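Structural features, examined
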Amino acid sequence: MTKQSNAINLDLIDQLLADYKSPEDVLGENGLLKQLTKAVLERALKAELSHHLGYEKHSPEGKNSGNSRNGKSKKTLKGEFGTLPIDVPRDRQASFEPKIVAKGQTRFTGFDDKILSLYARGMTVRDIQAHLEEIYQVEISPALISQVTDAVIDEVRGWQSRPLEALYRIIYLDAIMVKIRDGAHILNKAIYLVIGVNLEGIKEVLGMWVAQTEGAKFWLWVVTELRNRGVQDIFIACVDGLKGLPEAIERVFPQTEVQQCIVHMVRQSLNYVNWKQRKEVAADLRGVYSAVSREQAELRLEEFSEKWDSQYPTISPSWRRNWERIVPFLAYPQEIRKVIYTTNAIESVNRGLRKIIKNRGSFPNDEAALKLLYLALSNISQKWTKPIKEWKAALNRFAIVFEGRLLL
């Protein structure tokens, strides 16, 4: 088909617009655009029926064909144009299955995406209902909105069980707390996320899990699921001190280096410090984790201990207890340390999720929470199109440090 045959007749458009004097005449409730949409849809439905029957209306070929036209049925579509009543042709055998407006379809193509987009931005069912009525003059029932969003659950289940890559250079693990109803009670539950960094340096959410309590048994189950979905090796796992997590990782992936989040260690340490001395204590801790080597870091920690243990006796012992999981990043050059010494990569995601759920008092069940967070994560991850900073340098370093583990 030539380009010319696809072109719209501009003279015809001019004729149609000749009597229209304002935007309302074109875009309004009874405007030209809506009338054209109705006319095009109904004409397309008639063409579909002719194709289904095998002959045009009034054609002699239809005589004794065994099937024929049988009037019309009324249907009302809802969409960005508001409500649109259309006539759908029927056949006597009721075997006609239209494609452009399918049987049972009450919403125009793309309208469900509008509902999901609003829901993913944290709007409640009532908010979505009011918004659609205000913008599009369409009345949508709460049941219909729930029906559209509930359809996402199957997508969530498929996403949660999808196969994963065999090797992730880095994974980040963290949790977000949400309120979920359990019978007559509302419980604070943790939704845990795992984000992996693939070969190209692009972040990817590997999974999402709900737990009422966290501990070694729970984390062992999560890490085992990653293994069952295809992950064979992880170079570095960045964690924030969640109870039982490092042990679970090391049990399933014994070669993985577990890196304690330095930012979390500093925050926890400063919780014990008088606010007037926080800058000074923070500066001395910075001397520990910014050391050029593990040996220098140990000397700096000794100096910190001699200076501050009399006032804050819990800080240096805490760093010593976690030392083997604090120092792995010191084996890397400065530019790579920024990639692995903190869980900020996943914390920024959780900040975005908290904004989404802040308007909700609680979720009726686990599935409702997972549904919203999945849609929100889909929006957030659309921005992950570039590698994390200094990825090329990190990749070259990994090739040396983890020689023999790059190809499984």
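Thresholds, definitions, all that
- Residues numbered from 1 in each chain as written.
- Predicted model: local features only at pLDDT ≥ 70, side-chain atom pairs only at ≥ 80, totals over all residues.
- Heavy atoms only, no water.
- Buried < 20%, exposed > 50% of the residue type's maximum accessible area, 1.4 Å probe, protein only.
- Helix = DSSP H or I, 4+ residues; strand = E, 2+ residues; numbered from the N terminus.
- Pairing = 2+ DSSP bridges.
- pLDDT = per-residue confidence, 0-100.
- Contact = heavy atoms within 4.5 Å.
- Phe/Tyr/Trp six-rings, centres within 6.5 Å; stacked < 30°, edge-to-face > 60°.
- Patch = residues over 30% accessible without salt bridge, like charges linked within 9 Å, V, L, I, M, F, W, Y side chains within 5 Å.
- Areas by Shrake-Rupley, 256 points an atom, 1.4 Å probe, with all protein chains shown as cover.
- Salt bridge = Lys/Arg side-chain N within 4 Å of Asp/Glu carboxyl O.
- Lys, Arg positive; Asp, Glu negative; His and termini not counted.
- Charge placed at Lys NZ, Arg CZ, Asp CG, Glu CD.
- Axes fitted to C-alpha atoms, helices over the stretch in contact; angles between N-to-C directions.
- Right-handed = clockwise from strand over helix to strand, strands pointing away.
- Core = buried A, V, L, I, M, F, W, Y, C linked by side-chain atoms within 4.5 Å.

Most of strand 5 (residues 203-211) sits inside the fold, with seven of its nine residues counted as buried. Here strand 4 (residues 185-197) runs beside strand 5; their pairing, made up of eight bridges, is antiparallel. Among the inter-strand pairings, G196 is bridged to a residue of strand 5, identified as E204. Here strand 4 folds back onto strand 5, and the loop between the two strands holds five residues, one of which, G201, carries a positive phi near 85°.

We now examine the confidence of the model for the protein chain. The share of residues in the protein chain with pLDDT of 70 or more is 86%, and the mean pLDDT across the chain is 82. Predicted confidence in the protein chain is weakest over helix 1 (residues 3-6), with a mean pLDDT of 46, and strongest over helix 13 (residues 294-308), with 95. Scored below 50 in pLDDT, residues 1-5 makes one contact in the model with residues more than four places away or belonging to other chains.

This paragraph deals with the packing of aromatic side chains. In the structure shown here, the tally under the stated rule is 13 aromatic pairs. Between Y332 and F398 the ring centres are 6.1 Å apart and the planes differ by 80°, which places this aromatic pair in the edge-to-face class. You can see Y332 sitting in the loop between helix 15 (323-326) and helix 16 (334-340) and its partner F398 sitting in helix 19 (residues 391-401), a full 66 residues away along the chain. Relative to F402, the ring of F398 lies with its centre 5.9 Å away and its plane at 55°, an arrangement referred to as tilted. Members of the aromatic cluster, connected to one another through ring pairs, are F235, Y332, W391, F398 and F402.

A surface patch of like charges, here positive, comprises R121, R351, R354, K355, K358 and K383. If you trace the backbone, R121 turns up in the loop between helix 5 (111-120) and helix 6 (125-136).

A positive phi angle, near 70°, is found at H58, a position not held by glycine. Note on H58: relative accessible area 74%, which makes it exposed.

This part is about the sheet that holds strand 7 (residues 257-260). Within the open sheet, the five strands sit side by side as 5-4-3-6-7. Their pairing is mixed. Of all the strands in the sheet, the pair left with one neighbour each is strand 5 and strand 7. Put simply, the sheet's adjacent strands are angled 25° from each other on average, direction ignored. Strand contacts of helix 17 (residues 344-357): strand 3 (167-182), strand 4 and strand 5, with the helix running at about 25° to strand 3, the strand carrying the most contacts.

Right, let's get into the pairing of strand 7. Two strands pair when backbone bridges link them, and strand 6 (residues 233-239) and strand 7 are joined in this way by four bridges, in the parallel orientation. When the bridges of strand 7 are listed, C238 appears paired with Q259. Taken together, strand 6, helix 10 (residues 245-252) and strand 7 constitute a β-α-β crossover, and its handedness is right-handed.

Further remarks concern the nonpolar core. Where a protein is soluble and globular, its nonpolar side chains tend to be buried together. Counting residues in each nonpolar core, the largest one holds 79 residues, and the members touching the most others are I170, Y172, M208, V281, W319 and F398. Per-element accounting of this core gives the leading share, nine residues, to helix 18 (residues 366-381). V281 has contacts with L270, V273, F304, W308, Y312 and I315, leaving out every residue within four places of it along the chain. With 27 residues, the next largest nonpolar core counts Y192, L242, I249 and V258 among its residues.

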